[in-house]
Amino acid sequence: MATEISNQTKEDPGLNSGRRKLQKWLNKSMKICMTDGRTLIGIFLCTDRDRNVILGSCEEYLKSPDSGEKEEPRILGLAMIPGHHIISIHVDEDRSLTYNWNMDTS
């Protein structure tokens, strides 16, 4: 059983860099800015080939939380964000990482 767990944690050399990046993002806090100005913050759970994103424990802000204005978030819980509405993604890791969703077409 311990062998199975250790084998699962090793990186599969057959995975492309995009898939490895997504695996690193799993269960990380993610901030998504949308085309209509809303910002969603939640835990990254999964995505699909159409670039839709599923966030768990998601909160919605009408204004950016970075704007300095005090705003109560709307609690959404589990949310599916259509990929064509995503402008940018920020993943909270050891160092800050911002990913422009529309720039990468691979």
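Look a little higher up for the structure.
To keep things clear, this report deals only with the structure shown in the data block. What you see is a predicted model; the values in this text were computed from it and never measured. (Residues numbered from 1 in each chain as written. Predicted model: local features only at pLDDT ≥ 70, side-chain atom pairs only at ≥ 80, totals over all residues. Heavy atoms only, no water.)

A look at the overall build of the chain
Counting its secondary structure elements, the chain contains two helices and six strands. Put simply, the chain runs from its N terminus to its C terminus through helices and strands in the order α-α-β-β-β-β-β-β. By the burial criterion, 25% of the 106 residues in the chain qualify as buried. Considering only intrachain contacts with a sequence separation of at least 6, the fraction spanning at least 24 residues in the chain is 39%. Carbon and sulfur atoms make up 50% of the accessible area of the chain, which amounts to about 7600 Å² in all. (Helix = DSSP H or I, 4+ residues; strand = E, 2+ residues; numbered from the N terminus. Buried < 20%, exposed > 50% of the residue type's maximum accessible area, 1.4 Å probe, protein only. Contact = heavy atoms within 4.5 Å. Areas by Shrake-Rupley, 256 points an atom, 1.4 Å probe, with all protein chains shown as cover.)

Comments concerning the pattern of salt bridges
Taken as a whole and assessed by the stated rule, the structure comprises four salt bridges. For Glu60, the salt bridge is made with Arg38, and the minimal N-O distance between the two is 2.6 Å. Separated by 22 residues along the polypeptide, Glu60 in strand 3 (residues 53-61) and Arg38 in the loop between strand 1 (29-34) and strand 2 (39-47) bring together distant segments of the chain. In this structure Arg38 comes out as partly exposed when scored by relative accessible area, which is 26%. (Salt bridge = Lys/Arg side-chain N within 4 Å of Asp/Glu carboxyl O.)

Brief notes about the pairing of strand 3
Taken together, the seven bridges between strand 2 and strand 3 define a ladder with antiparallel strand orientation. The residue of strand 3 that forms the bridge with Thr47 is Val53. Adjacent in sequence and paired antiparallel, strand 2 and strand 3 are bridged by five residues, among which Arg51 carries a positive phi angle near 70°. Bridging between strand 3 and strand 4 (residues 74-81) involves six bridges; their strand directions are antiparallel. Looking at strand 4, one finds that Glu59 is bridged to Ile75. (Pairing = 2+ DSSP bridges.)

Structural notes on the environment of Met80
By the secondary structure assignment, Met80 is in strand 4. Residue classification places Met80 among the partly exposed positions, given a relative accessible area of 49%. Leaving out residues up to four positions away in the same chain, Met80 has contacts with Asn52, Val53 and Ile54.

Describing the side chain of Lys31
The topology assignment puts Lys31 in strand 1. Setting aside residues up to four positions removed in sequence, Lys31 forms contacts with Thr39, Leu40, Ile41, Asp66, Ser88, Ile89 and His90.

A look at the pairing of strand 1
A regular strand places its side chains so that they alternate between the two faces of the sheet. Where strand 1 lies against strand 2, five bridges are found, and the strand directions are antiparallel. Bridge pairing links Ile32 to Leu40 in strand 2. With antiparallel pairing between neighbouring strands as the criterion, strand 1 and strand 2 make up a hairpin whose turn holds four residues, including Gly37 at a positive phi of roughly 95°. Where strand 1 and strand 5 (residues 86-92) come together, six bridges link them in antiparallel fashion. Its bridge partner being in strand 5, Lys31 is matched across the sheet by His90.

Some points on unusual backbone geometry
For Arg51, which is not glycine, the phi torsion reads 70° and is therefore positive. By the element assignment, Arg51 lies in the loop between strand 2 and strand 3. Relative accessible area serves as the criterion here: at 33%, Arg51 is assigned to the partly exposed category. In this model, Ser57 sits at a positive phi of 50°, which is unusual for a non-glycine residue. Relative to the assigned elements, Ser57 resides in strand 3. Owing to a relative accessible area of 59%, Ser57 belongs among the exposed residues under this scheme.

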